[in-house]
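A structural walkthrough
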Amino acid sequence: MKEPFFQCKTALPDQAFTHGAKFHSDDVFATAFLRLIKPEIQVTRGFEVPADFDGIVYDIGRGRFDHHQEDKEYRENGCPYAAFGLLWREYGAQCIGEEEAVRFDESFVQPLDESDNTGCHNVLASIIDEFNPSWDSEESYDDCFWRAEKMAEEILRNHFEAVAGIVRAASLVRKAMEESNGSILILPKFVPWKKEVIGSSYQMVVYPSNRGGYSVQGVPIEHGDTALVCAMPEEWRGKDAPELSQISGIASLRFCHASGFLAAADTLEGAVQAAQTAIARKES
């Protein structure tokens, strides 16, 4: 059974309030975030916060989760907060941990906050904006808002599930690293491995392919870099299966990418042999 990943350790109120009429990615994603934390939260859209309202108020009301006041807040890097960012700052780390919360703010939340505050172009913000009804539409803003919010929830849910998968993978990869030889990492199944392996002593990774057989992949030197610690021999690259097996001397080797970062074999033994040969060639 998978361990829950996205779970807020602070209880939210039963109600929330945000502005009505035209909406933007800011209030849409803020709403989606709150509903992921507490699906049953009742969100009201309107133009004036009731005096006796007992709940979270965001993107309206000039309170702690609004950003329209003159003394609005900025991050240390100068990016202004919008409602989504203010709510994420309050609850993000409690949902997914400090490290991932900072990473998600930088990669996802900040561009949306920047777009909402400055009007700068952002593809996702533009997509959300197109959910608003056109000037001659008979649809209500509220109906359109909730359609956009549903999509935003799905985007956030997919992201956090992907992150959860990486967290689960890390444990499996670390165990395999302890059991392998320090140079060729053999994984029992394909899992995201680069975060743990890059920067280690491992040069090649072998794992079962979803196309059948086994894949052999060179380890990048750095994150985000295409340069490899070890690549496949140049004479293997781009050859068809019969020629490749003859040149390499590995009967089960059937594919080698033209760039040399990946090869495939029908058997585990063939995949390991390909990795061993590539490393030996590099070191000779």
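Before reading on, note that the structure itself is shown above.
Presented here is an overview of the structure given in this document. (Residues numbered from 1 in each chain as written. Predicted model: local features only at pLDDT ≥ 70, side-chain atom pairs only at ≥ 80, totals over all residues. Heavy atoms only, no water.)

**Observations concerning helix H8 (residues 268-283)**
Rules: Secondary structure follows DSSP: runs of H or I at least 4 residues long count as helices, runs of E at least 2 residues long count as strands, and numbering of each begins at the N terminus. A helix is expected to reach a length of 1.5 Å times the quantity of its residues less one. Each residue is placed in one exposure class: buried if its accessible area under a 1.4 Å probe, protein chains only, is under 20% of its type's maximum, exposed if it is over 50%, and partly exposed if it falls in between. What makes two residues a contact is simply this: any of their non-hydrogen atoms within 4.5 Å.
A rise of 1.5 Å per residue sets the reference length of H8, with its 16 residues, at 22 Å; its end C-alpha atoms lie 23 Å apart and thus fit the reference within 8%. Here H8 has its buried residues at Gly270, Ala271, Val272, Ala274, Ala275, Ala278 and Ile279. Its buried side turned inward, H8 meets strand S4 (184-186), strand S5 (204-208), strand S6 (214-218), strand S7 (253-256) and strand S8 (262-265).

**Examining the packing of aromatic side chains**
Rules: Stacked, tilted and edge-to-face are the three classes applied to pairs of Phe, Tyr and Trp rings, where Trp contributes its six-membered ring and a pair requires centres within 6.5 Å; stacked means planes under 30 degrees apart, edge-to-face means over 60, and tilted covers the rest. A ring is considered to have a charge above it if a Lys NZ or an Arg CZ atom is located within 6 Å of its centre and within 35 degrees of its normal.
All chains considered together, the criterion is met by 14 aromatic pairs. Ring centres of Phe104 and Phe108 lie 4.8 Å apart, and the angle between their planes is 15°; this geometry places the pair in the stacked category. Here the residue Phe104 and the residue Phe108 both occupy positions in helix H3 (residues 98-118), the gap between them amounting to 4 residues, near one helical turn. Residue Phe108 is classed as buried on the basis of its relative accessible area of 18%. Aromatic rings pair up to connect Phe29, Phe33, Phe84, Trp88, Phe104, Phe108 and Phe160 into one cluster. Lying across the ring of Tyr81, Arg75 places its NZ or CZ 4.1 Å from the centre. In this arrangement the basic side chain of Arg89 is found over the ring face of Tyr81, its NZ or CZ atom lying 4.6 Å from the centre.

**Overview of the environment of Gly85**
You can see Gly85 is positioned in helix H2 (residues 83-96). Residue classification places Gly85 among the buried positions, given a relative accessible area of 0%. Taking the C-alpha atoms as reference, Gly85 lies 38 Å from Gln217; in sequence the two are 132 residues apart. Residues in contact with Gly85, not counting those within four places in the same chain, are Arg75, Val109 and Asp113.

**What about the environment of Arg103?**
Rules: A 3.5 Å cut-off defines polar contacts: any pair of N or O atoms within that distance qualifies, except that in protein one atom must be a possible hydrogen donor and the other a possible acceptor, and neighbouring residues in sequence count only when both atoms are side-chain atoms.
Examined against the element boundaries, Arg103 turns out to sit in helix H3. For Arg103, a relative accessible area of 36% puts it in the partly exposed group. Among the polar contacts made by the side chain of Arg103, one reaches the side chain of Glu100 at a distance of 2.5 Å.

**Considering helix H7 (residues 241-248)**
Filter applied, for reference: Arc, as used here, means the arc of the directions from the helix axis to the C-beta atoms.
Listed as buried for H7 are Leu244, Ser245 and Ser248. Considered in projection along H7, the buried side chains sweep an arc of 95° and stay on one side of the axis. More than 90 degrees from the buried face of H7, the exposed residues found are Pro242 and Gln246. The inward-facing, buried residues of H7 contact S7. With a side-chain oxygen positioned 3.2 Å from the backbone nitrogen of Glu243, the residue opening H7 is Asp240. Positive backbone phi, at 80°, marks Gly249, one or two positions downstream of H7.

**Re the nonpolar core**
Condition: Only buried residues count toward a nonpolar core, which is a set of Ala, Val, Leu, Ile, Met, Phe, Trp, Tyr and Cys residues joined through side-chain atoms within 4.5 Å.
Counting 39 residues, the largest nonpolar core has Phe29, Phe33, Ile56, Tyr58, Phe84, Leu87 and Leu156 as the members making the most contacts within it. Those residues in contact with Leu87 that sit more than four places away from it in its chain are Ala30, Phe33, Leu34, Ile56, Tyr58, Phe65 and Gly92. Core analysis: the next-biggest nonpolar cluster, separate from the first, contains 18 residues, Met204, Val206, Cys230 and Leu244 among them.

**Comments concerning the pairing of strand S1 (residues 15-19)**
Inclusion rule: Two strands are said to pair when DSSP picks up at least two bridges between them. The definition of a right-handed crossover adopted here requires that, viewed with the strands pointing away, the path from the first strand over the helix to the second runs clockwise.
Of all 5 residues in S1, 4 are buried; the element is thus mostly enclosed. In this structure, S1 lies alongside strand S2 (residues 42-46), joined through 5 bridges in parallel fashion. Within S2, the position partnered with His19 by the bridge is Gly46. For the segment spanning S1, helix H1 (residues 25-37) and S2, crossover handedness is right-handed. Taken together, the 2 bridges between S1 and strand S3 (residues 56-57) define a ladder with parallel strand orientation. Among the inter-strand pairings, Phe17 is bridged to a residue of S3, identified as Val57.

**Looking at the pattern of salt bridges**
How we decide: Salt bridges are defined by distance alone: a side-chain nitrogen of Lys or Arg within 4 Å of a carboxyl oxygen of Asp or Glu.
All chains considered together, the criterion is met by 19 salt bridges. Note that Glu153 and Arg157 form a salt bridge whose closest N and O atoms lie 3.1 Å from each other. Residue Glu153 and its partner Arg157 are both found in helix H5 (residues 141-179); the two are separated by 4 residues, about one turn of the helix. Here Arg157 falls in the partly exposed class, since its relative accessible area comes to 38%.

**Points about the side chain of Glu153**
Take Glu153: its relative accessible area is 10%, and that puts it in the buried class. Look past the residues within four positions of Glu153 in its chain and what remains in contact with it is Ala32, Arg35 and Leu36.

**Examining the packing of H3 against H5**
The criterion, for reference: Note on method: axes are straight lines fitted to C-alpha atoms, helices fitted across the in-contact stretch only, with angles between N-to-C directions ranging 0 to 180 degrees. The scheme is simple: roughly parallel for angles under 35 degrees, roughly antiparallel for over 145, roughly perpendicular for 65 to 115, oblique for anything else. Crossings are assigned a handedness: left-handed for a near helix turned anticlockwise from the far helix by less than a right angle, right-handed for a clockwise turn. When residues are grouped by polarity, Ala, Val, Leu, Ile, Met, Phe, Trp, Tyr, Cys and Pro land in nonpolar, Asp, Glu, Lys and Arg in charged, and all others, Gly among them, in polar.
Relative orientation of the contacting elements H3 and H5 amounts to 135°, with a least axis distance of 13 Å. Classified by the angle their axes make, H3 and H5 are oblique. Pair H3 / H5 crosses with right-handed handedness. Contacts from Glu100, Phe104 and Phe108 in H3 reach Ile155, Leu156, His159, Phe160 and Val163 in H5. Looking at side-chain class alone, the contact of H3 with H5 contains 6 nonpolar, 1 polar and 1 charged residues.

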